[in-house]
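Okay, here's what each chain looks like letter by letter:
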Amino acid sequence: MILLRQTVESCRQALILQLRSRMTWVLCLLGIGLAFFAWFLPDEAAMEGGREVYGISMYFLVIQFALPVIVLYYGVTVLHEDLSDATSTYYFVRPVPRFSLLIGKWLAVSLLCWAMIAAFLGLMYLAIAVPDRPWRLGQGVPAAWLFSYLQGAAMASPGYAAVGLLCGAWFKRPIVVAAAFVVLSELVFSNLPAEAGIRVATIADPLRRWLVLDIAPPRSSDFYEALTGSLQGHEPAALGDPVNSLLTFTLIALGLAIWVYSRREYDARPKD
Amino acid sequence: MIEFLGVSKWYGQVSALVDMSFTVEAGVTGLVGQNGAGKSTLMKLAIGLLRPSLGQVDVDGGSPQTPEVRRNLGYCPDLDAFYEDLNGLTFVTWMLRIHGYSGAEARRRAKDSLQRFGMAEVMGRKIRGYSKGMRQRIKLAQALAHEPKVVFLDEPMTGLDPVARHQMSEAIRELGESGVSVMVSSHVLHELQSVVDRVLLIHQGRLMAEGTVSDLRRQLEDRPHRLRLRSRNPRELAARLTSLEVVSGLSFTHDGLELATAGGDGLFQTLTELGADQGQLVDEIAPVDDSLEAVFGYLVS
């Protein structure tokens, strides 16, 4: 029971610290600003792209870019800042197992980042889909797409957070390693030919396949092409269960992060 | 109780501590050594932040890596690291909540501890605005708020003004008298001397000596001593002392002489005679090098 309380406390403290950070407020203002500009989306764009304006822009801007970058950044900093400035010392001498501290931070990063991404997805939906626009074929953007993106972000956030924490616990320059992960894993490996088994060892590939299955855009649409281009004609459902892949990836990354964080000796020295 | 049994610690090819064995009972024990001697490494081994390469560390009957031992352990680090945007009360409360206390109990203990160290008026202010002394007291408050049985204080006097230093010394002494095992390191040796019951002297990762300050000084009887002699007529006094074989050096001070001697009872008898009988040439005799600093200087030289 006390272990649960300490884990929740670790999560609460990490959340408060992140909510107080300047970066969080900068990102929130940036999101609100983007949504404000999206409100003035020209009617011509809606006429030409129809519902795909929202689908494609959110896929590339949020799922492919903002989600991994933001969650990895928070995952790295929530751990590495404490380790590098020695505030971890106060925690490591307390009667709390390090895995409790780490799981608390992981929950905090996953929750906070998902909340920020969800708020942005919601704002963009309000800005793009809700105004009375002359949509092609009279179709607006279905609310189900928003919910699919919210679910997708909720499934991917814990995975990226675990990778961020692993980098923060393991490496001296975790931001560089996290950036390498985004480039190598999320951009290169996830776009290898569908036969490449390493694709399942990424977050981007299973997340993309899950979105295709959940949103089910028309096969002739640009949106479908954007989501399945790298599959080279393979059926997303034939490449395995994306939820299993995401879950396995997340658990392995989190397990590794706990192992590294719990085993490491801690010898903070003055930075002079 | 803190027990080191044949503890060595290496960083690759570099040995930080070599074959350390000692036991620390209740009371205040000073940890003395130059920069790089291994004081911080020793403390980090004792609180479980580091693991020994060889040997065994026991604190309060168990490994400091275990939560059971850590429950009764307090640590005041030497590093000046905080969450700067928190206030002092919140910071200490957070540490107690992580320790396992409920919110209300953690807050009550945090307030009590901060009040004990004179932080009652400023505990609501952000740590960013605290002076060095206040920050030091916050570290001490978080280390003692849960009433630990074993306390490690790494350079706790650093940055404190004289009044605060005195208060800190009193607090440390009270802790020792209450049955807590306290290990305290400091480079301000004369302050440590007034607080500690025992001393561990370490140099280049090795334990050079342990015991009370006077015990250690007695071990050095064959070393030259230095005495400060206050006199109204230092020239006359110097003339008489230079003829003595046991006097190996003399220098004038603003109110008398400083004398180096190889020791011997004969010198003290002569000095007593000079002070009492022969024109009262000596007003006061005081040892210069009976301090912890002098003992340490002798041992490492």
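Preceding this paragraph is the structure being described.
Residues numbered from 1 in each chain as written. Chains lettered and ligands numbered in written order. Predicted model: local features only at pLDDT ≥ 70, side-chain atom pairs only at ≥ 80, totals over all residues. Heavy atoms only, no water.

Asks: Explain the interface of chain A and chain B here, please?
Replies: Often, the extent of an interface is quoted as the loss of accessible area on bringing the components together. At the interface, 31 residues of chain A touch 32 residues of chain B. For the chain A and chain B pair, buried surface summed over both sides reaches about 3,200 Å², with 56% attributable to carbon and sulfur atoms. Summed over the three residues of chain A that lose the most area to chain B, namely Tyr90, Arg94 and Pro95 of chain A, the buried surface amounts to 25% of that side. The interface formed by chain A and chain B holds two salt bridges in total. Here Lys9 of chain B and Glu265 of chain A are joined by a salt bridge, their closest N and O atoms 2.8 Å apart. Run the count over chain A and chain B and you get 15 residue pairs in polar contact (both at pLDDT 80 or more). (Contact = heavy atoms within 4.5 Å. Buried area = accessible area lost by both parts, 1.4 Å probe. Salt bridge = Lys/Arg side-chain N within 4 Å of Asp/Glu carboxyl O. Polar contact = N/O pair within 3.5 Å; in protein donor to acceptor, adjacent residues only side chain to side chain.)

Asks: I'm lost on the pattern of salt bridges in this one. Help?
Replies: Any two side chains of opposite charge can pair, on the condition that their charged atoms come close. Following the criterion strictly, the structure yields 19 salt bridges over all chains and no others. Among the ionic pairs, Arg209 of chain A bridges to Asp205 of chain A, the shortest N-O distance being 3.2 Å. Residue Arg209 of chain A and its partner Asp205 of chain A are located together in helix α9 (residues 204-215), separated by four residues, close to a single helical turn. For the pair Arg209 of chain A and Asp205 of chain A, one class covers both residues: buried. Glu84 of chain B is the salt-bridge partner of Arg135 of chain B, the closest N and O atoms lying 2.6 Å from each other. (Helix = DSSP H or I, 4+ residues; strand = E, 2+ residues; numbered from the N terminus. Buried < 20%, exposed > 50% of the residue type's maximum accessible area, 1.4 Å probe, protein only.)

Asks: Help me out: how do you make sense of the environment of Leu246 of chain A in this one?
Replies: Residues and elements named next belong to chain A. By secondary structure assignment, the location of Leu246 is in helix α11 (residues 242-263). Note: C-alpha distance between Leu246 and Leu207 (39 residues apart in sequence) is 7.4 Å. Excluding its chain neighbours within four sequence positions, the residues that come into contact with Leu246 are Met155, Ile203, Pro206 and Leu207.

Asks: Looking at this structure, I do not really get helix α2 (residues 22-39) of chain A. What am I missing?
Replies: Since the α-helix advances by 3.6 residues per turn, residues separated by three or four positions end up pointing in the same direction. Residue and element names in this part refer to chain A. Over its 18 residues, α2 runs 26 Å from end to end, which matches the ideal 26 Å to within 8%, given 1.5 Å per residue. Those residues of α2 not exposed but buried are Thr24, Gly31, Ala35 and Ala38. Around the axis of α2, the buried residues are gathered within 60 degrees of arc, so they sit on the same side. Looking at α2, the residues exposed on the side facing more than 90 degrees away from the buried face are Arg22, Trp25, Leu29, Leu30 and Phe37. In this structure, the buried residues of α2 make contact with α1 (2-20), α4 (52-85) and α6 (98-128). (Expected span 1.5 Å × (residues − 1). Arc of directions from axis to C-beta.)

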